[in-house]
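Residue-level structural notes
The chain contents come next:
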Amino acid sequence: MSSKVQLGLVGLGKMGFNMRDRIRAAGHEVVGYDRNPDVTDVGSLTELVERLEAPRVVWVMVPAGDPTRQTIAELSDLLSEGDLVIDGGNSRFTDDKINSELLDSKGVGYLDCGVSGGVWGKENGYALMVGGSAEHVERAMPIFDALRPEGPREEGFAHAGPVGAGHYAKMIHNGIEYGLMQAYAEGFELLEAAKVIEDVPSVIKAWQRGTVVRSWLLDLLVRALDSDPELDDLRGYVEDSGEGRWTVEEAINLAVPAPVISAALFSRFRSRQEDSPAMRAVASLRNQFGGHAVIHAGPSSGAGSTQG
């Protein structure tokens, strides 16, 4: 096992909370901060920084956009030269250069890390895609090794390139995820519509071994069908976290055809206009792998949503 290190972790939500547990289980010290007093280890960012020994490493795991930018700006005033910040949220890759330059002006290093694994990561490990200098990556490697799945490092970790590359890689990963989920969902709807198929869940379950379409996402769809065979406990209303949109925008910018990912994104838009079996399947999958909020079917259900 690698030598023990100390980490500050900002954001103890669905993923951050589990990440803290996994890193601690690997023998490292984690000081976590969250605005929720029930889960936090310290009362403020200032206290978190004071609890860490220099040179410090602080992992930011808060919602993308303003929350992340504001947290990093606050850390830039609290940290010292030689410290290191890792943004492990779903920030847009264009934010990374801005964050990196702000911290660099204070002598603080920066890494961006795309993280995949959802609510199952605590048990299975997280796939990590990192952007930044080799020096900073090597310094944080004990933390990355604690978080990634067991097995060869290269099968769960990639130093993707310079600052911005980690979040860019995660953006494309999520775009692919959109397409995969949509394909399973449309297959589910076709099976449901076919009069000749009498047991849709058993057909999909039979795909889990030996077929070319077997995957973890398929396993999660089977798990959802086991508890709700027709997926009619949910409305087919599906939000998007933004990364699918960014992937399509990059496809346009680079003139790279991406019809499957684009169609999957537009199907999510369509889901907000009317219910459909396919989008109920996508909603179920997102709830299974990421713990994303869903809208339950019923006479009192509204059109509210939670992004994720």
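The rules behind these values
Residues numbered from 1 in each chain as written. Predicted model: local features only at pLDDT ≥ 70, side-chain atom pairs only at ≥ 80, totals over all residues. Heavy atoms only, no water. Core = buried A, V, L, I, M, F, W, Y, C linked by side-chain atoms within 4.5 Å. Buried < 20%, exposed > 50% of the residue type's maximum accessible area, 1.4 Å probe, protein only. Helix = DSSP H or I, 4+ residues; strand = E, 2+ residues; numbered from the N terminus. Contact = heavy atoms within 4.5 Å. Expected span 1.5 Å × (residues − 1). Phe/Tyr/Trp six-rings, centres within 6.5 Å; stacked < 30°, edge-to-face > 60°.

Here we take up the nonpolar core. Counting residues in hydrophobic clusters, the biggest one holds 25 residues, and the most contacted among them are W59, I86, L111, C113, L128, F144 and L147. Every element with two or more residues in this core is listed here: strand 1 (6-10), helix 1 (14-25), strand 3 (57-60), strand 4 (84-87), strand 5 (109-116), strand 6 (127-131) and helix 6 (134-147). In terms of residues, this core owes the most to one element, helix 6, which gives six residues. Setting aside residues no more than four positions away along its own chain, L111 makes contact with L84, V85, I86, D87, V130, G131, G132, S133, H136, V137, A140 and F144. Counting residues in each nonpolar core, the second largest holds 24 residues, with Y184, A185, V222 and L234 among its members.

A separate point is unusual backbone geometry. Residue P55 is bonded to the preceding A54 through a cis peptide linkage, with omega at -5 degrees. Within the chain, L231 stands out as a residue other than glycine whose phi angle is a positive 55 degrees. Mapping L231 onto the fold places it in the loop between helix 9 (216-227) and helix 10 (243-253). Positive phi values are uncommon outside glycine, yet A255 reaches one of about 55 degrees.

Let's shift gears to helix 6. Relative to the 20 Å expected for 14 residues at 1.5 Å per residue, helix 6 spans 18 Å between its end C-alpha atoms, a close match to the ideal helical length. Within the span of helix 6, buried status applies to V137, A140, M141, P142, I143, F144, A146 and L147.

Attention now moves to the packing of aromatic side chains. Tallying each qualifying case throughout the model produces four aromatic pairs. Taking 6.0 Å as the distance between ring centres and 70 degrees as the angle between the ring planes, the aromatic pair formed by W59 and F144 counts as edge-to-face. In this pair, W59 sits in strand 3 while F144 sits in helix 6, placing the two residues 85 residues apart along the sequence. Measuring from centroid to centroid gives 4.8 Å for F93 and Y168, while their planes differ by 70 degrees, and the two rings are edge-to-face. Placement of F93 in helix 4 (residues 93-104) and of Y168 in helix 7 (residues 165-193) is noted, with a sequence separation of 75 residues between them.

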